[in-house]
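# Understanding the architecture of this molecule
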Amino acid sequence: MARVRAFDAARPWVWDAALTTLWTVAALVDAAGGWRNTARDPSVPVRLVVTLTLALSVPLYWRRRHPMAALAVMAGAALVSDASGAFLQASYLQMLPVYHLALSRPPRALLWSLALIAPPLVTGALRFQSESWDQRVVPTLWAYALVALLGIAVRSRRDDRAHEVRLAATAERARIAREMHDIIGHNLSVITGLADGGRYAAAKNPERAAQALDAIGTTSRQALAELRRLLSVLHEDEETADRAPQPTLTDLAPLIEGVRGAGLPVEADLPTTNPALSAGAQLTVYRVLQEALTNTLKHAGAGAEATVRLSYGAEAVELVVTDTGTASPVPGRGHGLTGMRERAARYDGTLESGPLPGGDGWRVRLRLPLEDSPS
C-alpha cells in the first residue's frame, strides 16, 4: 500500500483517469437503456440522457483537485435529470466529490455541498409525486451522511498519524541535539585541557607537548567519528547509514583515560563485570559520566580531582561522580544537567546533582533499575 500511495502521489492523473473512465463506462452502459427501469418519465430523449450521464461522470477527474467545482457541475446535471424525470442513477456519483470535500476541505464545505445536492432531490420529489417522496430523498441523504462521515474519519486518522510523525520527529531532533551537546561539549573540553597542558609543556618538555598534540588529534578524530555516526541517521537512504555501535559500559575506562590525559586526575572504581543493562541504558551511564567529567573540566577550577564509582546490586546500577572543585555548573545555563535527568527518566532512573556537604566540590548520582527489577 505504501508503494501504491507513493505512485499515486507522483502520478495522480493515472488513478484519476482510471476511476473516471470506469464510472463513465458504467454510466454510459446504464444510459443505453437501463436508466428507464428507475425513470419517472421513460420518454426523455436519449441524447439528453447521454449528455447528462457524461456531465455526471467526467467531472470525477477533477474531484481531488477541485471537488467543489466538480460537484457543482454534477449537481447541475442531477437537477436536470430529476426535473426531466430521467432520475439517472449516475447522480449517486456526486458522493465521490463529497468524500474529497470531507477529506480535504473545512467542515463548512460540507454544508455547501449539501446545498448543491438537495435542490435536485426536492425538485424530483415535488414534480413526480406518484410515489412517496422519501423513496428518492432519504436514500441519497443517507448516502451523503455516510460518505461525509467516512471522509471525516479518514481525515482524522490521517491527521493523527501526521501528528504522531511530528512528535516522533521532534523527539528525534531533541535526541540528536542532546547527543551532539554531549559529544561536542566533552571533546572540546578535553581538547582545551590538552592544548593548555601542551602550551605549558612546550617550553620545558617538547616531548610532552608532542604527546598532547597527538592526544588532541586522537580526540578530534573520535569526536568526528561519533558525529558522523550520529548524523548518518539523517541520511535518506537508511541502508547506507553508519551502524557502528554506540558507547557501552566497556567504554567507560577509555573515557576516563581521555579525561586524565586532558589534565584532570580521576580516581575510578569500576566493576570487573558489567550488569545486565540494555544498550540504551548503558549509553545513558556513559553520557552521564561524560557530562559530569566535562563539567568538572570546565567548572571545577585548577587543582580539582574527580572520583568515579560505578556499582550495582540486585535491583539497580548506581554511578556516583564527585569532584573537589570550588566551582559548580550554573543552574539554568546550558542543557547538560537537564539532558542527564531526561536520560535517566527515560529508563525509570533518577539523577541527583548538587554541591557536596560543606560547599566544596560537586556530586552527580545516577541510579538506573536493572532490566529484571521493579522500577
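Note that the coordinates shown come from a computational prediction; the quantities given were computed from them, not determined experimentally.

## Brief notes about the layout of surface pockets
Considered as a void within the structure, the second largest pocket measures approximately 320 Å³ in volume. What lines the second largest pocket is simply Met1, Arg5, Tyr99, Leu103, Val154, Arg157, Arg158 and Arg161. Contributions of two or more residues to the lining of the second largest pocket are made by helix H5 (95-104) and helix H7 (134-204). The dominant element in the lining of the second largest pocket, judged by the number of residues it contributes, is H7, at four residues. Partitioned by chemical class, the residues of the lining of the second largest pocket number four nonpolar, no polar and four charged.

## What to know about the pattern of salt bridges
Counted according to the given criterion, the structure contains eight salt bridges. Among the salt bridges present, the one from Arg63 reaches Asp16, with a minimum N-O distance of 3.0 Å. Taken as a pair, Arg63 in the loop between helix H3 (46-57) and helix H4 (67-84) and Asp16 in helix H2 (residues 12-31) lie far apart in primary sequence, 47 residues in all. Take Arg63: its relative accessible area is 2%, and that puts it in the buried class. A salt bridge links Glu352 to Arg365; the shortest N-O distance between them is 3.8 Å. With Glu352 in strand S4 (residues 350-355) and Arg365 in strand S5 (residues 362-369), this pair connects stretches of sequence that are 13 residues apart. Among the residues examined, Arg365 registers a relative accessible area of 24% and is labelled partly exposed. Where salt bridges share partners, they join Asp8, Asp16, Arg63 and Arg64 into one cluster.

## Let's talk about empty space enclosed by the protein
Under the counting rule described, the total for this entry stands at three cavities of 30 Å³ or more. Of the volumes computed, that of the second largest cavity is approximately 60 Å³. Every residue along the wall of the second largest cavity is listed here: Ala78, Asp82, Ser91, Tyr92, Gln94, Met95, Ile117, Pro120, Leu121, Arg136 and Thr140. Of all the elements in the fold, those that place two or more residues in the lining of the second largest cavity are H4, helix H6 (108-127) and H7. Taken together, the residues of the lining of the second largest cavity break down into six nonpolar, three polar and two charged.

## Side note on the sheet that holds strand S3 (residues 316-323)
Reading across from one edge, S1-S2-S3-S5-S4 is the order of the five strands in this open sheet, with mixed pairing throughout. Single-partner strands in this sheet number two, and they are strand S1 (266-269) and S4. Each neighbouring strand pair of the sheet contributes to a mean axis angle of 10°, computed without reference to strand direction. Where S1 and strand S2 (residues 306-312) come together, four bridges link them in parallel fashion. Note that in S2 the partner of Val266 across the bridge is Ala306. Against the sheet, helix H9 (residues 252-261) touches S1 and S2, its axis set at about 165° to S1.

## As for the packing of H9 against helix H10 (residues 279-299)
One way to put it is that H9 packs onto H10 with a least axis distance of 11 Å and a crossing angle of 10°. In terms of their interaxial angle, H9 and H10 are classed as roughly parallel. Residues Leu252, Leu255, Ile256 and Val259 of H9 form the contact with H10, whose own contacting residues are Val285, Tyr286, Leu289, Gln290, Leu293 and Leu297. When its residues are assigned to classes, the contact of H9 with H10 shows nine nonpolar, one polar and no charged.

## Structural notes on the side chain of Thr24
In this structure, Thr24 sits in helix H2. Given the relative accessible area of 12%, Thr24 is considered buried. A distance of 3.3 Å separates a polar atom in the side chain of Thr24 from a polar atom in the side chain of Ser57. In this view, Thr24 contacts Leu54, Ser57 and Val58; residues no more than four positions away in its chain are not counted.

## Regarding the packing of aromatic side chains
Aromatic ring pairs are described here by two measures, namely the spacing of the ring centres and the angle between the planes. What the rule picks out here adds up to two aromatic pairs. Between Tyr61 and Trp62, the aromatic rings sit 5.3 Å apart at their centres with planes inclined by 80°, giving edge-to-face as the arrangement. Taking relative accessible area as the criterion, Tyr61 reaches 23% and is therefore assigned partly exposed. Between the aromatic rings of Phe87 and Phe128, the centroid separation amounts to 5.8 Å while the plane-to-plane angle is 90°, which identifies the pairing as edge-to-face. Of this pair, Phe87 sits in the loop between H4 and H5 while Phe128 sits in the loop between H6 and H7, and the two are 41 residues apart along the sequence. Its relative accessible area of 4% is what places Phe87 among the buried residues. The class for Phe128 is buried, based on a relative accessible area of 17%.

Cut-offs used in this document
Residues numbered from 1 in each chain as written. Predicted model: local features only at pLDDT ≥ 70, side-chain atom pairs only at ≥ 80, totals over all residues. Heavy atoms only, no water. 1 Å grid on protein atoms, 1.4 Å probe; cavity = no way out; pocket = protein on both sides within 12 Å on 5 of 7 lines; lining within 4 Å. Points joined across faces, edges and corners; volume = space filled by probe spheres on them. Helix = DSSP H or I, 4+ residues; strand = E, 2+ residues; numbered from the N terminus. Nonpolar A, V, L, I, M, F, W, Y, C, P; charged D, E, K, R; others polar. Salt bridge = Lys/Arg side-chain N within 4 Å of Asp/Glu carboxyl O. Buried < 20%, exposed > 50% of the residue type's maximum accessible area, 1.4 Å probe, protein only. Pairing = 2+ DSSP bridges. Axes fitted to C-alpha atoms, helices over the stretch in contact; angles between N-to-C directions. Contact = heavy atoms within 4.5 Å. Parallel < 35°, antiparallel > 145°, perpendicular 65-115°, else oblique. Polar contact = N/O pair within 3.5 Å; in protein donor to acceptor, adjacent residues only side chain to side chain. Phe/Tyr/Trp six-rings, centres within 6.5 Å; stacked < 30°, edge-to-face > 60°.

Any link to function would need more than the numbers given here.
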